[in-house]
Amino acid sequence: MRILIPIKQILHPAGMTVNRKAGKVFVNREEYVTNPAGKRALEAALRIKDGTDADVIVAAIGPTRTADALLEARAMGADRAILIPADTTDEALIVRLLATLCEHIGGVDLLITGDSALDTGISLGPRLSEALNFAYLGSAVQCVVEGSAVRIVRRDDPAGRLYNAYEAALPAVVTVTRAGSAPRYPHGGKIITTYRDANAVETIPLSDLGLSESDLQPVAVERGQSFPPEREFGRQVSVEEIASWIR
Amino acid sequence: MDYDLPPEYNALRRMIREFCEEEIKPLAHHIDESGVVESDLLRRMGALGFLGVPFPREYGGMGAGELGYCIMMEELNRASPSVATIIGAHIGIGVMSMYLDGSKALKDKYMPDLCSGKMICAFALTESNAGSDAAAIQLRATLEGDSYFLDGQKMWITNGPIADVINVLAITDPSLGARGGATVFAVESKWEGYSTGKPERKMGLHGSPTSLLNFDSVRVPKENVVGQIGLGFVTFMKTLDIGRVSLGAATLGGAQAALEMCVRWARTRQQFGRQIAHMQSIQFMIADMAAEIEALRALVYRTAWLVDNGRPFTKEAGMCKLLGSETASRCIDRAVQIHGALGLSRDFPLERAFRDARISEIFEGTNEIQRLVIASELMQEVGVRLRP
């Protein structure tokens, strides 16, 4: 079985400040990390791999620095890492590239990805399932493969008391939330050997996918940034006051 | 000249920092209060390679060299000096003394278990009458048939109560004294005649257990001699030499943690109607800390580079330990001042940091001994040999 994990790098949230007055986000420290939900998606795939002979492939689209996220995923246990060097953040294009990649590597049975990116809040899941015509199971906290079906557990109640299980036949797309299993730490020795291995990450250029730079015209155009109005401070209430509401 | 760390070391630091932030820091207060580091934490660190960072993979190590080891010690001490001290005594002096001079057979026997954390190591040199004067040791090893019998006592041994293997320096030839007549033995704690005292009650490092060790005719087979008979003192001095580098790295982590707390506090705390960050008195203290820490960082990582590249490093290693421990104490003292009463609260990490830092000026060779080491290296360069 072949599992593809699309991951992305985001700016470390602690390295940024939002200035509402200036209407700008200032990057104080340019430090990149793997999107946390993506790391949990990888963990879900590695857990499936622990019990079966699944082949876990991680893929990322981005500039050369993105290789760092892929190397980390290899150190955690991914079997193969693919970088498509293209500097685009347009989700429609990324989904198209990923769908083409799936075909290029000879098809995949399961795609697991983070249910939302920490920087944009967007999930690739529904778009990927549409593009590939795969079943879609979203917002999993747990994900297991049984035979030719994938089963997930989803928290269906915001208070966290109700969990439901859903099942779909493979091939399927699953998204994992940040409440999924915590990602494993890579072994230190594995980090050293992976990063020193020049072939740990394969680069597949656009031309190999039958695409060119001109195919990368973004569908959505960014016109600027705006910020929601600052929230007003609430009112402090006493226990007695709350009690009076209940009565 | 390239001051960038290779990418694998950046990734290693990121993993270690994540582990420290998630798994160790939340326990640091409890470790100090209870005086115990759960063996499960050490086991999990062992599974990630933390307990054999500098050693080659053939012996079960991580293969990350002195550079990787310094990175880990900096990060560990930033989170919990108690945990850092257990690991530092285990790797930096315990396993290191076996790795430097032990036979291949001995290393094959113990190092994989030591590097994976199945066994914990200790280094036993200090005795009641032998501290800075390490050559004054009296623990005796006598040869009978194929075995040595160890008799005597060691004191203030870090990891004493939890160690499974202890590298002990003992006198094998009293006529020659320590220099020429001392030998290192790898002793297993389960052997008959070996026992430990009750854990010492210390000012700081409450989670790092320290005790005396009793040797009552402990039989040690010949194959557990580390290095050559009679050359044990050299092995131990070499070990201490290299251990000073990572100790410097650890103090760097402690100082860095104090600085980070101060920067955060200067932004949060308001006095006289504005953040205290706007007060020059605070700015000056923070700036001094940052400058000293940066100098220490440059020294520590350059010395790690000297070690990994097979250059002489004795003088620089002494400097790492000397400058590091004093910088950390100074920075933490300033941090307490900046935090005011909060710095003294037992519910806030600075009070613990203050207590934990003091020992660095004492153990693994007092700072006075470090000054002797540095001076003797300097004078040797102009042909003067200083005797302790």
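Residues numbered from 1 in each chain as written. Chains lettered and ligands numbered in written order. Predicted model: local features only at pLDDT ≥ 70, side-chain atom pairs only at ≥ 80, totals over all residues. Heavy atoms only, no water.

**With respect to the interface of chain A and chain B**
Argument step 1. Contacts between chain A and chain B engage 15 residues on the former and 18 residues on the latter.
Argument step 2. Across the chain A/chain B interface, buried area totals approximately 1,400 Å², and carbon plus sulfur atoms make up 57% of it.
Argument step 3. For Lys-39 of chain A, the salt bridge identified is with Glu-18 of chain B, shortest N-O distance 3.4 Å.
Argument step 4. For the pair chain A and chain B, the interface holds 10 residue pairs in polar contact (both at pLDDT 80 or more).
Argument step 5. When residues of the side of chain A that touches chain B are traced back to their parent elements, those giving at least two are α2 (67-76) and α5 (188-196) of chain A. (Contact = heavy atoms within 4.5 Å. Buried area = accessible area lost by both parts, 1.4 Å probe. Salt bridge = Lys/Arg side-chain N within 4 Å of Asp/Glu carboxyl O. Polar contact = N/O pair within 3.5 Å; in protein donor to acceptor, adjacent residues only side chain to side chain. Helix = DSSP H or I, 4+ residues; strand = E, 2+ residues; numbered from the N terminus.)

**Points about the pattern of salt bridges**
Oppositely charged side chains can pair when the atoms bearing their charge come close.
Residue and element names in this part refer to chain A.
Argument step 1. Taken as a whole and assessed by the stated rule, the structure comprises 40 salt bridges over all chains.
Argument step 2. Arg-184 is paired through a salt bridge with Glu-43; the nearest N and O atoms lie 2.9 Å apart. Of this pair, Arg-184 sits in the loop between β12 (172-176) and α5 while Glu-43 sits in helix α1 (residues 36-51), and the two are 141 residues apart along the sequence.
Argument step 3. Arg-184 gets classed as partly exposed once you look at its relative accessible area, which sits at 26%. (Buried < 20%, exposed > 50% of the residue type's maximum accessible area, 1.4 Å probe, protein only.)

**What to know about the sheet that holds strand β1 (residues 2-6) of chain A**
All names here are of chain A.
Argument step 1. The strand order β11-β10-β9-β12-β8-β1-β6-β7-β13 describes an open sheet built from nine strands, whose pairing is mixed. In the strand order of this sheet, the two ends are held by β11 (163-169) and β13 (202-203), each with one partner.
Argument step 2. The sheet contact formed by β1 and strand β6 (residues 55-62) spans five bridges and is parallel. Looking at β6, one finds that Ile-3 is bridged to Val-56.
Argument step 3. α1 rests against β1, β6, β8 (110-114), β9 (135-146) and β12 of the sheet, and its axis sits at about 145 degrees to β8. (Pairing = 2+ DSSP bridges. Axes fitted to C-alpha atoms, helices over the stretch in contact; angles between N-to-C directions.)

**A short note on the state of the cysteines**
Residues and elements named next belong to chain B.
Argument step 1. Summed over all chains, the structure comprises zero disulfides over all chains.
Argument step 2. With no disulfide of its own, Cys-262 has Cys-331 as its nearest cysteine by sulfur position, at a separation of 8.4 Å.
Argument step 3. Residue classification places Cys-262 among the buried positions, given a relative accessible area of 0%.
Argument step 4. The buried category is assigned to Cys-331, whose relative accessible area is 0%. (Disulfide = S-S within 2.5 Å.)

**Examining the packing of helix α3 (residues 91-104) of chain A against helix α4 (residues 125-132) of chain A**
Residues and elements named next belong to chain A.
Argument step 1. Relative orientation of the contacting elements α3 and α4 amounts to 45 degrees, with a least axis distance of 10 Å. When the axis of α3 is compared with that of α4, the two are oblique. Both α3 and α4 take part in a crossing whose hand is right-handed. From α3, Glu-91, Ala-92, Val-95, Leu-98, Ala-99 and Cys-102 reach across to α4, where they touch Arg-127, Leu-128, Ala-131 and Leu-132.
Argument step 2. Across the contact of α3 with α4, the residue classes break down as eight nonpolar, no polar and two charged. (Parallel < 35°, antiparallel > 145°, perpendicular 65-115°, else oblique. Left-handed = near helix turned anticlockwise from the far one by under 90°. Nonpolar A, V, L, I, M, F, W, Y, C, P; charged D, E, K, R; others polar.)

**Digging into the side chain of Asp-241 of chain B**
Residues and elements named next belong to chain B.
Argument step 1. Counting through the fold element by element, Asp-241 comes out in helix α7 (residues 232-268).
Argument step 2. At 2.8 Å, the side chain of Asp-241 and the side chain of Thr-314 are in polar contact.
Argument step 3. Those residues in contact with Asp-241 that sit more than four places away from it in its chain are Phe-313, Thr-314 and Ala-317.

**Description of the nonpolar core**
Argument step 1. Counting residues in each nonpolar core, the largest one holds 161 residues, and the members touching the most others are Ile-112 of chain A together with Met-45 and Leu-150 of chain B.
Argument step 2. Residue contributions to this core peak at 15 residues, all from α7 of chain B.
Argument step 3. Filtering out sequence-adjacent residues up to four positions away, Met-45 of chain B remains in contact with Phe-19, Ile-24, Phe-50, Leu-51, Leu-76, Val-83 and Ile-87 of chain B.
Argument step 4. Ile-105, Val-108, Val-173 and Leu-209 of chain A belong to the second largest nonpolar core, which has 28 residues in total. (Core = buried A, V, L, I, M, F, W, Y, C linked by side-chain atoms within 4.5 Å.)

**Topic: the domain arrangement of chain B**
All names here are of chain B.
Argument step 1. Here the domain parsing of chain B yields domain 1 (7-120), domain 2 (122-230) and domain 3 (234-380).
Argument step 2. Placing a centre on the C-alpha atoms of domain 2 and another on those of domain 3 gives a separation of 30 Å.
Argument step 3. With 13 residues of domain 2 at the interface, the matching set in domain 3 holds 12 residues.
Argument step 4. Interface area, domain 2 with domain 3, both sides summed: about 1,000 Å², of which 79% is carbon and sulfur.
Argument step 5. When the area that domain 2 buries against domain 3 is broken down by residue, the three leading residues are Phe-123, Met-203 and Leu-205, summing to 49%.
Argument step 6. Linking domain 2 with domain 3 are two residue pairs in polar contact (both at pLDDT 80 or more). (Domains from an automatic or database assignment.)

**Quick word on unusual backbone geometry**
Argument step 1. Each neighbour pair has its own omega, and for Leu-170 of chain A with Pro-171 of chain A the value is 0 degrees, a cis peptide bond.
Argument step 2. Take Pro-171 of chain A: it is sitting in the loop between β11 and β12.
Argument step 3. Even without being a glycine, Asn-133 of chain A presents a positive backbone phi close to 60 degrees.
Argument step 4. In this structure, Asn-133 of chain A sits in the loop between α4 and β9.
Argument step 5. Given the relative accessible area of 69%, Asn-133 of chain A is considered exposed.
Argument step 6. With phi around 50 degrees, Ser-217 of chain B is a residue other than glycine that occupies positive phi space.
Argument step 7. Relative to the elements of secondary structure, Ser-217 of chain B occurs in strand β7 (residues 210-221).
Argument step 8. Owing to a relative accessible area of 38%, Ser-217 of chain B belongs among the partly exposed residues under this scheme.

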